[in-house]
Amino acid sequence: MTIPVAPGTDIPTKNESRPVWSRGILRALSSRLVILVPYLWLLAFFLVPFAIVVKISFSQTTLAIPPYTPVLEGVGSLWQNLREFSFDNYLWLTQDALYFNAYVTSVVIAAVSTVLALLVGYPLAYGVARAPSALRPLLLMLVILPFWTSFLIRVYAWIGILKPEGLLNQFLMAIGLIDQPLLIMNTYTAIFIGIVYSYLPFMVLPLYAALEKMDYSLIEAAQDLGCTRSSAFWKITFPLSRPGIIAGCMLVFIPAVGEFVIPDLLGGSQTLMIGKTLWNEFFANRDWPVSSAVAVILLLLLVVPIMIFQQAQARQQEQGR
Amino acid sequence: MNTGGWSRFNIASVTLGFAFLYLPILLLVIYSFNASRLVTVWGGFSTQWYAALLQNQGLLDAAWVTLQVALVSATVATVLGTLAALALTRYTRFRGRILFSGMVFAPLVMPEVITGLSLLLLFVAIGLDRGMLTVTLAHITFAMCFVAVVVQSRLLTFDRSLEEAAMDLGATPVKTFFAITLPVIAPAIISGWMLAFTLSLDDLVIASFTSGPGATTLPMKIYSQVRLGVTPEINAICTILIAIVATGVIIASLVNKRREVQRLRDEQAAGRA
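All figures in this text were calculated on a predicted structure; none of them were measured in a lab.

Here's the deal with the confidence of the model for chain A
Caution applies to low-pLDDT parts of the model: their predicted coordinates are not meant to be read in detail.
All names here are of chain A.
Turning to step 1, where the next piece is worked out: Chain-level pLDDT for chain A is 80 on average; 82% of the residues reach the 70-or-more range.
Turning to step 2, where the next piece is worked out: Averaged pLDDT values for the elements of chain A fall to 50 in helix H2 (residues 71-83) and rise to 92 in helix H4 (residues 97-130).
Turning to step 3, where the next piece is worked out: Here residues 1-17 is modelled with pLDDT under 50, and outside its nearest four sequence neighbours on either side it reaches 35 contacts, counting other chains as well.
Turning to step 4, where the next piece is worked out: This model gives residues 66-74 a pLDDT under 50, and the stretch forms 11 contacts once residues within four places in sequence are excluded.

In structure tokens form, the structure reads like this:
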């Protein structure tokens, strides 16, 4: 474990009006605290918990800690568990096709939803970026506002719309487009709608940030030189907005893979997504080691997308500096 | 300023996009005033479901728990998140910086089931009883990362010559921070706090893992009822929550805008002087 050390070279030192040593100590102390406090917090509540998940995923299923055991016993059996290292839980995951299917389904659903969110989000972000500049702050706030309202509420709102006797079917039957109610609720379509709807602000904001910075005279120049509108888009706008596309897609894809609320409320009991599997394994079967193993594999699946996201984030930081 | 570029296609896509974003919420709000118990059949205007909420003690208890957790966790998360943002923008070289920035950005995208499960296992391992304290600790941890990102983006555009001037004039780093840096980044800190507050108010998954008996939060309560089906009472609670959040965000953005205008005016005045 590394301990952060203040650089001491960051703050310019000119015109010292106090003794050098007192300034030096104060500076060193304050900078050290600025780094140490959040650092230690994240180590304790973010990194250490992961280590525990990994350890428990290697413990034996038979010794699983049931929830709500007395505290001391819980700790005792936990340490006993740790001594008995086993791959049983991972073997279990490979033996039951349910888990494999759940992982594949989750990744496919998340990928399809990400593409759909990009298709819906790009024109919206582009429209907001091209809006008259007096109107832009308002439009941007309208994009962000749904993000502030509860996720659960927004998913819940779709139940009333999508169910067989819901508002969408009532509307479509009233205008005579369909005779039979569409069965959307409890299908993959409902999950796609739910994910696209819930994560749309995450897609639009990075896209907007990229599109807003763009120099639109480039497009005019291209068109003056004989480019059609669509070829100007593919040759100029699209490549220039690529950082936004990458960031937006990662912000949708990564959480969507492990999504629980949407498949649970809109997908019904047949749809198999890994977040839901983990939840059931934990709350219904009370099998902590297996749910830990499910979490570890899920995290491994997401390592590459998370790294891509981190890099995009770091690059943005470099640019801002 | 380029206003000529807003084509009909742009206007159409913005309109459709916002219709998609707002129609479901609007329908939910409208149907919370429905007199009929059948949620999707309109039976006339009524506020009876709001009156029924006040009689529901379990719901009120959950709302009180949620409010306390959100207030405490948002405040602590704001302090920690601001420190993390300072550490990331001001100290470009310290040992373990890559790990640190990783730990700040990863929770933003981490599936909630993983965060919830791992924190629960930590609390069990150290023998901490599950309840309001554990939910609060969990919320601080993931909310501080959102605060850090919000504050960091403000710090990146911050004119550091102001700080250098203060220190040249003999202010200590701590004094400089409170006299110069803090007032400038205050709007970002306030919006960071609000974000942390609403994240805590909304969270279902992490709270379900880390809370214990007697510490049921409002989203947990709503979720257990939603699973049984759509009811007008839930529409009514949701409408109240939406109204609170929307009012908060709109007021905050108005205040922010006013400060911005004030700041520009001050700067212009300073420029003339």
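Next comes the rest of the description.
Looking at the packing of aromatic side chains
Turning to step 1, where the next piece is worked out: Evaluated as defined, the whole model comprises 31 aromatic pairs over all chains.
Turning to step 2, where the next piece is worked out: Seen from their ring centres, Tyr39 of chain A and Phe94 of chain B are 6.4 Å apart, and the 65° between their planes marks the pair as edge-to-face. Remark: Phe94 of chain B occurs in the loop between helix H3 (57-90) and helix H4 (97-109) and Tyr39 of chain A occurs in helix H1 (residues 20-57); the pair is interchain, linking two chains.
Turning to step 3, where the next piece is worked out: Taking relative accessible area as the criterion, Phe94 of chain B reaches 8% and is therefore assigned buried.
Turning to step 4, where the next piece is worked out: Each residue in the set Phe260, Trp279, Phe282, Phe283 and Trp288 of chain A together with Phe209 and Tyr223 of chain B is aromatic and connected to the rest through ring pairs, giving one cluster.
Turning to step 5, where the next piece is worked out: One residue, Arg130 of chain A, lies across the ring of Tyr216 of chain A, its end atom 3.9 Å from the ring centre.

So, unusual backbone geometry
All names here are of chain A.
Turning to step 1, where the next piece is worked out: Non-glycine residue Asn186 carries a positive phi angle of around 65°.
Turning to step 2, where the next piece is worked out: With respect to the helices, strands and loops of the structure, Asn186 is situated in the loop between helix H7 (167-174) and helix H8 (188-213).
Turning to step 3, where the next piece is worked out: Here Arg286, not a glycine, exhibits a phi torsion of approximately 55°, which is positive.
Turning to step 4, where the next piece is worked out: As for its placement among the helices and strands, Arg286 is situated in the loop between helix H13 (274-283) and helix H14 (288-320).
Turning to step 5, where the next piece is worked out: Accessibility expressed as a relative area gives 42% for Arg286, which makes it partly exposed.

Details of the UniProt feature "domain: ABC transmembrane type-1" (unreviewed entry) in chain A
Turning to step 1, where the next piece is worked out: When the UniProt feature table is mapped onto this chain numbering, "domain: ABC transmembrane type-1" (unreviewed entry) sits at residues 103-309 of chain A.
Turning to step 2, where the next piece is worked out: Secondary structure content for residues 103-309 of chain A is 78% helix and 0% strand, and the end C-alpha separation is 21 Å.

A short note on the domain arrangement of chain B
Residues and elements named next belong to chain B.
Turning to step 1, where the next piece is worked out: Taken as a whole, chain B is organised into domain 1 (8-46) and domain 2 (56-272).
Turning to step 2, where the next piece is worked out: One C-alpha centre belongs to domain 1, the other to domain 2; they are set 30 Å apart.
Turning to step 3, where the next piece is worked out: Each partner contributes to the interface: domain 1 provides eight residues, whereas domain 2 provides nine residues.
Turning to step 4, where the next piece is worked out: Between domain 1 and domain 2, the buried area comes to about 730 Å², and carbon and sulfur atoms account for 67% of it.
Turning to step 5, where the next piece is worked out: Linking domain 1 to domain 2 there are zero salt bridges.
Turning to step 6, where the next piece is worked out: Taken together, domain 1 and domain 2 are joined by one residue pair in polar contact (both at pLDDT 80 or more).

Brief notes about the UniProt feature "domain: ABC transmembrane type-1" (unreviewed entry) in chain B
Turning to step 1, where the next piece is worked out: Here the UniProt feature "domain: ABC transmembrane type-1" (unreviewed entry) sits at residues 63-255 of chain B.
Turning to step 2, where the next piece is worked out: A helix fraction of 81% and a strand fraction of 0% characterise residues 63-255 of chain B, whose end C-alpha atoms lie 27 Å from each other.

Some words on the interface of chain A and chain B
Turning to step 1, where the next piece is worked out: Of the residues lining the interface, 108 residues belong to chain A; the matching set on chain B comes to 105 residues.
Turning to step 2, where the next piece is worked out: Here chain A meets chain B over a buried area of about 9,800 Å², counting both sides, of which 76% is carbon and sulfur.
Turning to step 3, where the next piece is worked out: Considering only the surface of chain A that becomes buried against chain B, Trp41, Trp148 and Tyr156 of chain A emerge as the three largest contributors, covering 9% of it.
Turning to step 4, where the next piece is worked out: In this assembly, chain A and chain B are joined by one salt bridge.
Turning to step 5, where the next piece is worked out: Notably, a salt bridge pairs Asp264 of chain A with Arg227 of chain B, separated by 3.6 Å at the nearest N-O pair.
Turning to step 6, where the next piece is worked out: The interface formed by chain A and chain B includes seven residue pairs in polar contact (both at pLDDT 80 or more).
Turning to step 7, where the next piece is worked out: It is H1 of chain A that provides the largest number of residues to the side of chain A that touches chain B, a total of 23 residues.
Turning to step 8, where the next piece is worked out: Within the side of chain A that touches chain B, the residues separate by chemical class into 76 nonpolar, 21 polar and 11 charged.

Overview of the nonpolar core
Turning to step 1, where the next piece is worked out: One finds Val261 of chain A together with Phe100 of chain B to be the most contacted residues of the largest nonpolar core, which totals 179 residues.
Turning to step 2, where the next piece is worked out: Those residues within four positions of Phe100 of chain B in sequence are excluded, and the remaining contacts are Pro38, Tyr39 and Leu42 of chain A together with Ala84, Ala87, Leu88 and Phe94 of chain B.

Details of the UniProt feature "transmembrane region" (unreviewed entry) in chain A
Residue and element names in this part refer to chain A.
Turning to step 1, where the next piece is worked out: The sites that carry the UniProt feature "transmembrane region" (unreviewed entry) are, in the present numbering, residues 33-58, 100-126, 138-162, 182-208, 245-268 and 288-309.
Turning to step 2, where the next piece is worked out: The distance separating the terminal C-alpha atoms of residues 100-126 is 39 Å; by composition the span is 100% helix and 0% strand.
Turning to step 3, where the next piece is worked out: Secondary structure content for residues 138-162 is 92% helix and 0% strand, while the C-alpha to C-alpha distance between its ends is 30 Å.

Considering helix H11 (residues 242-257) of chain A
Turning to step 1, where the next piece is worked out: In this model, H11 of chain A (16 residues) spans 22 Å end to end at C-alpha, consistent with the 22 Å of a helix rising 1.5 Å per residue.
Turning to step 2, where the next piece is worked out: In terms of burial, H11 of chain A is largely enclosed, as 13 of its 16 residues are buried.

A few points about the UniProt feature "transmembrane region" (unreviewed entry) in chain B
Turning to step 1, where the next piece is worked out: UniProt records the feature "transmembrane region" (unreviewed entry) for residues 12-33, 62-86, 98-126, 132-156, 177-199 and 234-255 of chain B in the present numbering.
Turning to step 2, where the next piece is worked out: Taken end to end, residues 62-86 of chain B comprises 100% helix and 0% strand; its first and last C-alpha atoms sit 35 Å apart.

Observations concerning the packing of H4 of chain A against H11 of chain A
Residues and elements named next belong to chain A.
Turning to step 1, where the next piece is worked out: Where H4 contacts H11, the two axes come as close as 9 Å, and the packing angle between them is 140°. Relative to H11, H4 is oriented so that their crossing is right-handed. From H4, Ser106, Val107, Ala110, Ala111, Thr114, Ala117, Leu118 and Tyr122 reach across to H11, where they touch Ile245, Cys249, Val252, Phe253, Ala256 and Val257.
Turning to step 2, where the next piece is worked out: In terms of residue class, the contact of H4 with H11 is made up of 12 nonpolar, two polar and no charged.

Conventions and cut-offs
Residues numbered from 1 in each chain as written. Chains lettered and ligands numbered in written order. Predicted model: local features only at pLDDT ≥ 70, side-chain atom pairs only at ≥ 80, totals over all residues. Heavy atoms only, no water. pLDDT = per-residue confidence, 0-100. Helix = DSSP H or I, 4+ residues; strand = E, 2+ residues; numbered from the N terminus. Contact = heavy atoms within 4.5 Å. Phe/Tyr/Trp six-rings, centres within 6.5 Å; stacked < 30°, edge-to-face > 60°. Buried < 20%, exposed > 50% of the residue type's maximum accessible area, 1.4 Å probe, protein only. Lys NZ or Arg CZ within 6 Å of the ring centre and 35° of its normal. UniProt positions renumbered as here; feature names shortened; annotations may be inferred. Domains from an automatic or database assignment. Buried area = accessible area lost by both parts, 1.4 Å probe. Salt bridge = Lys/Arg side-chain N within 4 Å of Asp/Glu carboxyl O. Polar contact = N/O pair within 3.5 Å; in protein donor to acceptor, adjacent residues only side chain to side chain. Nonpolar A, V, L, I, M, F, W, Y, C, P; charged D, E, K, R; others polar. Core = buried A, V, L, I, M, F, W, Y, C linked by side-chain atoms within 4.5 Å. Expected span 1.5 Å × (residues − 1). Axes fitted to C-alpha atoms, helices over the stretch in contact; angles between N-to-C directions. Left-handed = near helix turned anticlockwise from the far one by under 90°.

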